[in-house]
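# Structure at a glance
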Amino acid sequence: MSTSRLDAVYRSILLTKFFTKGWGKPENLQRLFEFRKVVSNREECFKLVDRDYPVTITKEQNLNDCKLVEGYFVTPLERYLPGIVPEIAQKAHFQALLPIHWPEPDCKPVCLHLAGTGDHFFWRRRNLMVKPLLKEAGLGGIILENPFYGLRKPTDQIRSSLHNVSDIFVMGGCLILESLVLFHWCERNGLGPLGVTGLSMGGHMASLAATNWPKPLVLVPCLSWSTASAVFLQGVMAQSINWDLLEDQYLSDGKYREKLSKMVTIVDEAFLAGKKFARTYSQTVTSPQTETISDKSDNNKEIDISYKENNIKSEICDTKNKNTVYNNESNNLDSTKLKFNEVPATVTSESLSQSETFNAKLKQLRDENKISEVLYNKLISNEKFVLDPQDIKDINTLTEEMIREVLLKCKILEATNCKTDEHQNTPPATMENKKSSVPINEDPDIISQNPNPLKDPLKSIDLSVRNEKNRAGWNLSEFTSDLWVNLPFLSRSSVKKIDISKIHWRDREALQFMRGIMDECTHLSNFSVPYDTSLIIAVCAKHDAYVPRDDVGTLEEIWPGAEVRYVDAGHVSAYILHQSLFRSCIKEAFERSKKRWKDGKHID
């Protein structure tokens, strides 16, 4: 998925920083994790909010084109997790705009609009979404103020800069229960059918809220996806987080590592990766222009896409060597690209071996003056060598696509301590011993995610980065299928620094913990499936750099029957240019609801 440059530029000029005070209190996180198991079950969550939950109306006014209602209520989350919601955020403020005369007296559709990141107060949603829908379709709207935003923003919070990671989960818990309060309020006042929508973060919060209403409910999440983990770890929002602070807190307080990390689960792991590989491989096998990689006697063998801990690729490819995907002695390989975990693994031409192709690519870069002659000689050398800072700078100036084409399947691993005896006694890898045995990453997490990495006859290189004050070791691992690193070479200074754009979340414990807690509390697969998924129309941006969709579960898989539509834009441009599309999807979803349901009963 290509990403929008506008998204990256827009994010870079914003001053908002997230989680400036760290993870939040460990005891608060523990309470939130435990409460998530309750709200993720529709039957249990629905019991938390009474049908006659008290709502205070502070203003009712008939305007020229609509009726305005304003009110508030105390967030139900404060009842179940006392003290976890800041006092100023405990009062949930809302504003409702309803038609003075409904087009159909027995049909009074109302949609709840939840706020996206930075959407404080009511005016933006009121003018961009609610009023146009009221005018175009006679569709009423309710605007709920987010916790930590607008009237509910703590006095010491700057703009939308949430202080703690736990605040995002407090916000989600509040909105899930507060949505139930407003749905009950609508029913008491004879309003319906009901729906919920939102843009960006508001879209994801709307998805979470919809999972706990046990009746037909229109859902139109815009510019969101199945989990918030990708937003904070892979999207441009990752640059707005102080990862050094989070890592220091995580490592210094044993409660995060010893207790909380065991309470969370990363949802999208090797199973999804294996499934994608199998699907792509299946398409390659059925293509008339490609040759199968597996033995000819097993061409008709059914592909098992289920994840098996001990062997993924051996069951897919069925080769004699379980750790080798490509059998160069019995197969002619073409230029078709196979994918594992959405990262290309090139298949070389018939006339060139993989090592020759590697060297040819490097030679091309040298001829184009994109790498120096000195760096070229180092990279094609079979000997151990040192990368100077200028070498690393040259490599990092290459485009991501070019890096992956040239330095395919390279992964940087930080040496634990280059001064230890173990490191000093480690012999350099040679072409001879690599052909017979290719060492793999010994990290147990990496092994569990990718138990049988692809191997390659190409050499591995032991790199050391030269620094005047400090010399830190780097290892370039053997050519495995673990292709999650965005940029292969990382320049390190004497000051420890986490650069999220160059290090994948799997390479750091703190980042793994972030992925785990985000999946635990926001991944839609951890929640109930909405009552009627045919009333769901999700709108996504094809080139969204804020909400990456690679390597995470899709809405169609999590919610069978849901419809996903795409706009050819990035996150920011879609927000600016496609408001009318979002509104049209809301209107269409409500029309579906009218045709299929009446008073909560299905229309035959």
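Residues numbered from 1 in each chain as written. Predicted model: local features only at pLDDT ≥ 70, side-chain atom pairs only at ≥ 80, totals over all residues. Heavy atoms only, no water.

As named in an unreviewed UniProt entry, the protein chain is Protein ABHD18, taken from Arctia plantaginis.

This next bit is on the overall build of the protein chain. The secondary structure content of the protein chain amounts to 23 helices and 16 strands. Residues classed as buried in the protein chain amount to 55% of the 604 residues present. Looking at the protein chain alone, contacts between residues at least 24 apart form 74% of all its contacts between residues at least 6 apart. Split by element, the accessible area of the protein chain, about 27,400 Å² in all, is 49% carbon and sulfur. (Helix = DSSP H or I, 4+ residues; strand = E, 2+ residues; numbered from the N terminus. Buried < 20%, exposed > 50% of the residue type's maximum accessible area, 1.4 Å probe, protein only. Contact = heavy atoms within 4.5 Å. Areas by Shrake-Rupley, 256 points an atom, 1.4 Å probe, with all protein chains shown as cover.)

This next bit is on the packing of helix α6 (residues 165–188) against helix α7 (residues 201–210). The geometry of α6 relative to α7 is characterised by a closest axis approach of 9 Å and an angle of 55° between their N-to-C directions. Comparing their axes, α7 and α6 come out oblique. Note on packing geometry: the crossing formed by α6 with α7 is right-handed. Contacts from I168, M171, G172, L175, I176 and S179 in α6 reach M201, M205, L208 and A209 in α7. Taken together, the residues that form the contact of α6 with α7 break down as eight nonpolar, two polar and no charged. (Axes fitted to C-alpha atoms, helices over the stretch in contact; angles between N-to-C directions. Parallel < 35°, antiparallel > 145°, perpendicular 65-115°, else oblique. Left-handed = near helix turned anticlockwise from the far one by under 90°. Nonpolar A, V, L, I, M, F, W, Y, C, P; charged D, E, K, R; others polar.)

It is worth spelling out the side chain of T522 at this point. Mapped onto the secondary structure, T522 falls in helix α20 (residues 509–522). A relative accessible area of 8% places T522 in the buried class. Here T227 takes part through its side chain, which lies 3.5 Å from a polar atom of the side chain of T522. Excluding residues that lie within four positions of it along the chain, T522 makes contacts with F169, H204, L208, S226, T227, A228, S229 and F527. (Polar contact = N/O pair within 3.5 Å; in protein donor to acceptor, adjacent residues only side chain to side chain.)

Okay, the packing of aromatic side chains next. Counted by the stated rule, this structure contains 15 aromatic pairs. Summarising the aromatic geometry, the rings of F19 and F232 are spaced 5.4 Å apart at their centres and angled 50° between planes, so their arrangement reads as tilted. Note that F19 is positioned in the loop between α1 (5–13) and α2 (26–39) and F232 in helix α8 (residues 229–233), a separation of 213 residues in sequence. On the basis of an interplanar angle of 70° and a centroid distance of 5.7 Å, the ring pair of F46 and W213 is categorised as edge-to-face. One end of the pair, F46, is in helix α3 (residues 42–46); the other, W213, is in the loop between α7 and β7 (218–222), and 167 residues separate them in sequence. Look at F46 and you get partly exposed, because its relative accessible area is 25%. Lying over the aromatic face of Y72, K91 brings its terminal NZ or CZ to 4.5 Å of the ring centre. In this structure, R366 packs its charged tip against the face of Y376, placed 4.4 Å from the ring centre. (Phe/Tyr/Trp six-rings, centres within 6.5 Å; stacked < 30°, edge-to-face > 60°. Lys NZ or Arg CZ within 6 Å of the ring centre and 35° of its normal.)

As a further point, take the pattern of salt bridges. Taken as a whole, this structure holds 21 salt bridges when the rule is applied. Across the salt bridge formed by K598 and D106, the nearest N and O atoms sit 3.4 Å from each other. Of the two residues, K598 sits in strand β15 (residues 597–598) while D106 sits in the loop between β3 (91–98) and β4 (110–114), which places them 492 residues apart along the sequence. A residue is classified by how much of its surface remains accessible, and K598, at 42% relative accessible area, is partly exposed. Among the residues examined, D106 registers a relative accessible area of 56% and is labelled exposed. (Salt bridge = Lys/Arg side-chain N within 4 Å of Asp/Glu carboxyl O.)

A few words on the nonpolar core. In this structure, W23 and M514 are the most contacted members of the largest nonpolar core, which totals 97 residues. Among the elements that take part in this core, α6 stands out by supplying 15 residues, more than any other. In contact with W23, other than residues within four places in its own chain, are L29, N164, V165, S166, L246, Q249, Y250, Y256, A510, F513, M514 and I517. Ranked by size, the runner-up nonpolar core spans 20 residues in total, among them L133, C222, V539 and A569. (Core = buried A, V, L, I, M, F, W, Y, C linked by side-chain atoms within 4.5 Å.)

For helix α9 (residues 243–252), every residue scored as buried is listed here: W243, D244, L246, E247 and Y250. The buried residues of α9 all sit within an arc of 160° when viewed along its axis, so they share a single face. The inward-facing, buried residues of α9 abut α6, α8, α10 (254–258) and α20. Of the residues that open α9, the one with a side-chain oxygen 3.3 Å from the backbone nitrogen of D244 is N242. (Arc of directions from axis to C-beta.)

Our focus in this paragraph is helix α23 (residues 579–596). With 18 residues, α23 extends 26 Å from end C-alpha to end C-alpha; this agrees with the ideal 26 Å at 1.5 Å per step. Taken residue by residue, α23 has Q579, F582, R583, C585, I586, A589, F590, R592 and S593 as its buried positions. (Expected span 1.5 Å × (residues − 1).)

Cis geometry is found at the peptide bond from G192 to P193, where omega equals 5°. With respect to the secondary-structure elements, P193 resides in the loop between α6 and β6 (194–199). A positive phi angle is found at F19, which is not glycine, with a value near 60°. You can call F19 buried: its relative accessible area is 0%. Residue R159 is not a glycine yet carries a positive backbone phi of 50°. Looking at where R159 falls in the secondary structure, it is placed in the loop between β5 (140–144) and α6.

So, on to the pairing of strand β13 (residues 537–541). Burial of β13 is extensive: five of the five residues sit out of reach of the surface. Side-chain alternation along β13 places I537, V539 and A541 on one buried face and A538 and C540 on a second face that is also buried. By the bridge criterion, five bridges tie β13 to strand β14 (residues 563–567) in an arrangement that is parallel. By the bridge assignment, I537 is partnered in β14 with E563. (Pairing = 2+ DSSP bridges.)

The next subject is the pairing of strand β1 (residues 56–62). Bridging between β1 and strand β2 (residues 67–74) involves six bridges; their strand directions are antiparallel. Pairing of N62 across the sheet is with K67, part of β2. The antiparallel pairing of β1 with β2 creates a hairpin that spans four residues between the two strands.

Turning our attention to the packing of α2 against α6. Where α2 meets α6, the closest approach of the two axes is 10 Å, and the angle between their N-to-C directions is 35°. Here α2 runs over α6; the crossing is left-handed. Contact residues: α2 offers L29, L32 and F35, while α6 offers S166, F169, V170 and L177. By residue class, the composition of the contact of α2 with α6 is six nonpolar, one polar and no charged.

Right, let's get into the environment of H523. Note that H523 resides in the loop between α20 and β13. Other than its neighbours up to four places away in sequence, H523 contacts S226, T227, V267, D268, M518, G553 and I558. A distance of 2.8 Å separates the side chain of H523 from the side chain of S525, its partner in a polar contact.

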